[in-house]
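# Structural characterization, general
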Amino acid sequence: MKPNLSNTEQVIYTNQEKAGNLLYERIAVEGILWTLLTACMQSGKTGAAIHLCEKLYPDGFKFLFFGPSDNALKNQTLDRLRKHPKVSMNLLGSKVWHAADIYSRGVAYDELCRHIGDAKKLGLKVLVIFDEAHIGIGAKSQEDMQKIPEFLRDVCESLPGSEDADKNIHMLLVSATPFTYDVFQNEWGKFSEVYLESGTNYVGLKELMLDARLLPHIKRDIPQHIKGKERKKYKTEQNRIFVKRLAELIKTYASKGYFVTRCTVSSEEGLFREACREAGVKLEVFESRSRNILEFEKTLWEPPSEPTVLLVKRSYKQGKTLCLDHIAAWYENDTRSGRHDADMAQSVGRVLGYHKDRAHEFPIFCDVESIENMAEYYEACARGDFDLKRR
């Protein structure tokens, strides 16, 4: 049988072209080594990066794509790049790399270093695209870096802000989460930020606020002055109240569709199980460690056969827009491990995307103040004010 060699390129939309063109001007025309692409969640960052790479193709660039330690997301990105031959045929290592390759310092790390070393020996121009660039990037000082900044400094020789950077290595940092790469840099090199405007039919944080769909979740902060046995007693009582209130929410919404929620640590799972038992509702748990995280996306495509709570442990990082048609409520738990604001934004971001025509109305229970701050940040970026995150 003759193989099907067709590989239709995915459409690049107007807003992605605009952002990609701006990045091209900064990189290829102005010669800026370090750029940051900022955007709202689910607004098309990967498409903008692909358009930039296609613009850089005639200039002889090679491309190094890497992102967070998530195999499903890595494979998804590679599938998208393969639809664009100008990009896929010029990938270093013919693959998408991820942060775990750098963290492990194993065989994959050695292979990655070899590819970069070969490109440098040949004097090739390389664009490093670092997706979800806020993860693992901070450091206490220039001498005490995490492994990714170390890799950028020692292997790529292109740490943002360094005076002796390799002029053939350009870098595009991509993130929807506010972060400042200069947190450990006293001296900045020339650096540029570009904001990807949302396209038509997009539902973002602003739209959720205008439609009054953001509702406060159940806070469980313990005052710092409460110590010892009293603190333990306070926490136990808080957890009891949390379970009771959560069970009431589940009873209210689960009969209308999926009740989707998330927790960041395993110890929290027991509270959700207790709430589901009290509400008399089925619980399904999804976690990358259990290798069933992909089932979360698949489950959402089918309406529930009975009242069901879908619990995502830690996070759901895949960039595809989820099917939201069968969701009755989305509940965001406080982060107990990691960056609270970043996790809150990333997870609420799963309900954003190009689906205004679907007219979803389900409520999102979350840290409303945190999400409002994120919306303010995006508004500032849209105006070209990229300093709000440094105030």
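Anyway, here's the lowdown on the structure attached to this text. Computed from a predicted model, the values in this text were never measured in an experiment.

### Some details on the overall build of the chain
- If you tally the helices and strands in the chain, you get 13 helices and 14 strands.
- The contacts in the chain between residues at least 6 apart in sequence include a share of 79% that link residues at least 24 apart.
- Within the structure as shown, the chain displays about 18,800 Å² of accessible surface, and the carbon and sulfur contribution to it stands at 48%.

### Some remarks on the environment of Gly93
- Secondary-structure assignment places Gly93 in the loop between α4 (85–88) and β3 (97–98).
- Considering only alpha carbons, one finds Gly93 and Arg114, 21 residues apart in sequence, at a separation of 9.4 Å.

### Structural notes on the pairing of strand β8 (residues 191–196)
- Of all the six residues making up β8, five are buried; the element is thus mostly covered by neighbouring parts of the structure.
- Pairing of strand β1 (residues 34–39) with β8 involves six bridges; the strand directions are parallel. Each residue of the ladder has a partner; that of Leu36, found in β8, is Glu193.

### Remarks on the side chain of Thr35
- Position of Thr35 relative to the elements: it lies in strand β1.
- Owing to a relative accessible area of 1%, Thr35 belongs among the buried residues under this scheme.
- Contacts of Thr35, omitting those with residues within four sequence positions, involve Leu23, Arg26, Ile27, Met171, Leu172, Leu173, Phe191 and Ser192.

Criteria and thresholds
- Residues numbered from 1 in each chain as written.
- Predicted model: local features only at pLDDT ≥ 70, side-chain atom pairs only at ≥ 80, totals over all residues.
- Heavy atoms only, no water.
- Helix = DSSP H or I, 4+ residues; strand = E, 2+ residues; numbered from the N terminus.
- Contact = heavy atoms within 4.5 Å.
- Areas by Shrake-Rupley, 256 points an atom, 1.4 Å probe, with all protein chains shown as cover.
- Buried < 20%, exposed > 50% of the residue type's maximum accessible area, 1.4 Å probe, protein only.
- Pairing = 2+ DSSP bridges.

Remember, this is a structural readout, not a statement about activity or role.
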